[in-house]
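Examination of the molecular architecture
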Amino acid sequence: MKMTEGVHPVTAPKEVVNRIKAECEQLWAEVSKIHGEVVASKEPVSCSQEDALLKIYQVKEKRLRAEVELLKEKKVEALPTNQEVLHGILKAELQRSVSELTQTLSNVRAEKQILEEENQRLAERESQHDAIKEALESKLAEVEHEVTHSTAEGYLKDLQQKNKKAVKYMNTVMLKMKEFVDEHFPPPTEEDIEKWTKKHGKSGQKSHGSNTRIKYLPLQTILEELMNSCMDTPHNPYVTLDETYWPPYVELLLRYDIVLKHPDDDMKIKLVPFHLGNA
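Treat the numbers as computed from the prediction; the structure is a model and nothing was measured. (Residues numbered from 1 in each chain as written. Predicted model: local features only at pLDDT ≥ 70, side-chain atom pairs only at ≥ 80, totals over all residues. Heavy atoms only, no water.)

Some details on the overall build of the chain
- Counting secondary structure elements, the chain contains seven helices and three strands.
- Ordered by position in the sequence, the α and β elements of the chain form the string α-α-α-α-α-α-β-α-β-β.
- Pairs at least 24 apart in sequence give 56% of the contacts found in the chain among residues at least 6 apart.
- For the chain, the accessible area works out to roughly 23800 Å², and carbon and sulfur atoms hold 57% of it. (Helix = DSSP H or I, 4+ residues; strand = E, 2+ residues; numbered from the N terminus. Contact = heavy atoms within 4.5 Å. Areas by Shrake-Rupley, 256 points an atom, 1.4 Å probe, with all protein chains shown as cover.)

Structure follows, in structure tokens:
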């Protein structure tokens, strides 16, 4: 297409493009409407292949002629010949393009940062999984080695050694407990018994029906009875209280949650099963 002298061919401004687009949409709507009416008004007419092609070409020719006429009626807009105005338009277009590209770059960088963080998390997770896998494989190899090279005699010997260590540890704990109890909780003296009897108004020095003084059990003996009952008869770990149990010691054990009372009998207590992890 030839332009007049001093005029540069450019893409039509947005207003022209929008106007042409609107007209095309209107024409398309009219064509669709007419096509629907034609389809609804009559049955399709059978014709030969040559006639069908001819009709298609005729329709295309009419459409192209209509487009040519439409373009002839349109006024082609061009950039002004004034260099300052042209420079301003080009500068505005360039600034708009730079702004759009800057925004796009910012979005790309943000997405890149998100992807890098996600990649780092995946790498850390993969490293953790590898470490777990190595630990499990090592443990599996160790177990397989033990199963392959161990015998019933070896198991028995191992259990015997563990039992010896447990007995030795228990004896050490019992000895330390005895030393601690003897130092901090000695058996009650006559003076202690007298004070407690006067304070509570009870006759705690003599047994019922006799003049024999009650010999109270040491705290060490009480703890041993509770522990033995807990381990020997776990189904019934309660110990029945009698007059030989020094009441302040029993109260001390109850207050510090070392023993528990029977829910139906206050004269029975049991050791809290610490070895089971709960009461």
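Continuing now.
Structural notes on helix α7 (residues 247-255)
- Of the positions making up α7, those classed as buried are Y249, V250 and L253. Axial view of α7: buried residues confined to an arc of 100 degrees, hence all on one face.
- Tucked inside the fold, the buried residues of α7 contact α6 (219-232) and β2 (259-261).
- Once α7 finishes, D257 follows within two positions and takes phi at roughly 55 degrees, a positive value. (Buried < 20%, exposed > 50% of the residue type's maximum accessible area, 1.4 Å probe, protein only. Arc of directions from axis to C-beta.)

Remarks on the pattern of salt bridges
- With the rule as written, the count across this model stands at eight salt bridges.
- Across the salt bridge formed by E93 and R96, the nearest N and O atoms sit 2.6 Å from each other. Note that E93 and R96 are positioned in helix α3 (residues 83-149) at a spacing of three residues, about one turn of the helix.
- When its relative accessible area of 35% is taken as the criterion, R96 is described as partly exposed. (Salt bridge = Lys/Arg side-chain N within 4 Å of Asp/Glu carboxyl O.)

Here we look at the pairing of strand β3 (residues 268-271)
- In terms of strand pairing, strand β1 (residues 239-240) meets β3 through two bridges, oriented antiparallel. The residue of β3 that forms the bridge with V239 is I269.
- Here β2 runs beside β3; their pairing, made up of three bridges, is antiparallel. In the sheet register, K261 faces β3, and the bridge partner there is I269.
- Hairpin connection, β2 to β3: the antiparallel pair is bridged by six residues. (Pairing = 2+ DSSP bridges.)

Thoughts on unusual backbone geometry
- Phi is positive for D257, which is not a glycine, with a value near 55 degrees.
- Along the polypeptide, D257 turns up in the loop between α7 and β2.

A closer look at the side chain of K270
- Locating K270 in the fold gives a position in strand β3.
- In this structure, K270 is in contact with L226, P237, Y238, I258, V259 and L260, ignoring residues within four places of it in sequence.

Thoughts on the side chain of Q220
- Within the secondary structure layout, Q220 lies in helix α6.
- A residue is classified by how much of its surface remains accessible, and Q220, at 7% relative accessible area, is buried.
- Filtering out sequence-adjacent residues up to four positions away, Q220 remains in contact with M174, M177, K178 and V181.

Here's the deal with the environment of M177
- Relative to the helices and strands, M177 resides in helix α4 (residues 152-184).
- Every residue in contact with M177, bar those within four places of it in the chain, is listed here: Q220, L223 and M227.

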